[in-house]
Amino acid sequence: MKKTTIPLVVTTGFAIAFGVFAADTQIEPERATELLTAQNKQFERKVVQVSENVYTAVGFHGANTSMIVGDDGIIIVDTLRGPLSASQALQAFRKVTDKPVKAILYTHSHGDHIGGASAFVGEEKPEIYATEGFGSAEGVNKVVDPIKMRRNVRQFGRDLPPAQATNRGVAPANTNDTDGGKGFVPPTIRISDDGHKATIAGVELEFYLAPGETDDAMFIWMPKEKVLFSGDNFYHAFPNLYAIRGTAYRDVLKWSESVGRMADFKPEHVVPGHTMPMSGQEAATTPLKNYSEAIRSVYDQTVAGINAGKSPDQLAHEVKLPEHLREEPYLRQFYGTVPHAVRAIYAGLLGWFDGNPTTLNPMEPKRRAEKIAELAGGVSELTKDMNEALSEQDYQWALELSDHLKWLKEGDRERARQVKIEALRGLAEREYNAPNRNYYLSYANELESGKLSEVWF
Ligand SMILES: [Zn+2]
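Conventions used here
- Residues numbered from 1 in each chain as written.
- Predicted model: local features only at pLDDT ≥ 70, side-chain atom pairs only at ≥ 80, totals over all residues.
- Helix = DSSP H or I, 4+ residues; strand = E, 2+ residues; numbered from the N terminus.
- Rg over C-alpha atoms; globule rule 2.2 N^0.38 Å.
- Buried ≥ 20, exposed ≤ 12 C-beta atoms within 10 Å, placed from the backbone.
- Contact = placed C-beta atoms within 7 Å.
- Pairing = 2+ DSSP bridges.
- Right-handed = clockwise from strand over helix to strand, strands pointing away.
- Axes fitted to C-alpha atoms, helices over the stretch in contact; angles between N-to-C directions.

K.L.:
Would you mind showing me how to read the overall build of the chain here?
P.N.:
Assigned secondary structure in the chain consists of 14 helices and 15 strands. Relative to the compact-globule value of 23 Å for 457 residues, the chain shows a C-alpha radius of gyration of 24 Å, a close match. By residue count, 46% of the 457 residues in the chain fall in the buried class. Sequence separation of 24 or more characterises 69% of the internal contacts of the chain that already satisfy a separation of 6 or more.

Rendered as structure tokens:
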């Protein structure tokens, strides 16, 4: 097969002399490690006093839990994933006050925000607030839970050894998950009216319906101290508009609108669902505005491209964050990525077909592999090409060729498997997007351990 020479590739300001970088989240390996390590500061374990009466426990598990201190009790916003880490956070809150828990508020129904509630429920049963649609988030594709669980383990790097674990983008690695979901307590009050007001323990609160990461999300506004609890529609990283563990379509347009609405409140403090709270009107409001604009821009560029007849493969490479937002630290692609968002929007709006009749009935993978081998000049030439791609650090191409080889009877499957493992590890080294990196590494380890069935390789 004909070779093109590999030019000096420049991505995000970094130049390397060798190798091919296939996405904006791939950068020079040392820099990738440096960025990921710096992101760890966003979830170091501590209790932050956000305002006079609001405290947030960061880094006790993957998400945040917060305490609002009222006249005769406290209110808890989100409860972590299990009772063990939740009770540790409560213990830390108890250094501030021993007032009883009067209410628990769930910003949305993801497990890392609701599974530890029992740790906060005392003698005096608190009311538990959530939106009317609470729980609708994952129900739609429950039927594929077995594979989602498996992909979830990879996305979050749950099985990675400590030497390979960095973080989960907006959460630390190595959280204790043995009791995940065991402390869930169902909501007692369902909110259906947008802007619902309630006074709990003397604290005035307002609840706003805010579909985004999930349809059942809300944000909570505390007018007196101008604190806004955003849930997972905002955190310090480009939003996970699509999760590679597999999700139903997340309404990207509504997500942008919900965050834009938050900015309209001009909060003095924003408490995200993950990562550090932000304080100061400018410092808290501008990121919300920009976040909303960034999401909207990705959506608008994708829609314009779709209407111009472009395919998701093409658009995934073309759509970029607006230049003035690219370097904002809270928009770095530690968690979600722009190309994945583009593909999700495409599939969400139009389904799988890209409009090109060639793809109406594509060849089955085995047939295509045979044709590719023929083009390459035979199976041994194809194997040579794959080996060369690996040694040239063109890891994506090495992966694609190894995937062809695995279908070929005469192919050296063992060599192809080995190349795939090495190429995945090569890609992981240069990835600063945590889910991608975790997925590459986890998959490589599974291939190496022989745990994966033939379906996977
Ligand atoms: Zn979360």
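Next, the rest of the story.
K.L.:
Looking at this structure, I do not really get the environment of His196. What am I missing?
P.N.:
In this fold, His196 is placed in strand S10 (residues 196-200). Note: C-alpha distance between His196 and Tyr208 (twelve residues apart in sequence) is 7.0 Å.

K.L.:
Hey, could you run me through the pairing of strand S14 (residues 269-272) in this one?
P.N.:
Looking down a regular strand, the side chains alternate between one sheet face and the other. Going residue by residue along S14, you find His269 and Val271 tucked away on one face and Val270 and Pro272 tucked away on the opposite face as well. Where strand S13 (residues 227-231) meets S14, four bridges bridge the pair, whose relative direction is parallel. Along S14, the bridge assignment pairs Gly231 with Pro272. Handedness of the crossover joining S13 and S14 through helix H6 (residues 252-264): right-handed. Pairing of S14 with strand S15 (residues 278-279) involves two bridges; the strand directions are antiparallel. For Val270, the partnering residue across the bridge sits in S15 and is Met278. Adjacent in sequence and paired antiparallel, S14 and S15 are bridged by five residues, among which Thr275 carries a positive phi angle near 70 degrees.

K.L.:
What should I look at first to understand the sheet that holds strand S6 (residues 74-77) in this one?
P.N.:
Each strand in a sheet pairs with its neighbour through backbone hydrogen bonds, running either in the same direction (parallel) or in the opposite one (antiparallel). Spatially, the seven strands line up as an open sheet ordered S3-S4-S5-S6-S7-S8-S9, and their pairing is mixed. The sheet is open, and its two edges are formed by strand S3 (46-51) and strand S9 (189-191), each paired on a single side. Put simply, the sheet's adjacent strands are angled 20 degrees from each other on average, direction ignored. Taken together, the four bridges between S6 and strand S7 (residues 101-105) define a ladder with parallel strand orientation. Within S7, the residue paired with Ile74 across the bridge is Val101. Running at roughly 140 degrees to strand S4 (residues 54-58), helix H2 (residues 83-93) makes contact with S3, S4 and strand S5 (65-69) of the sheet.

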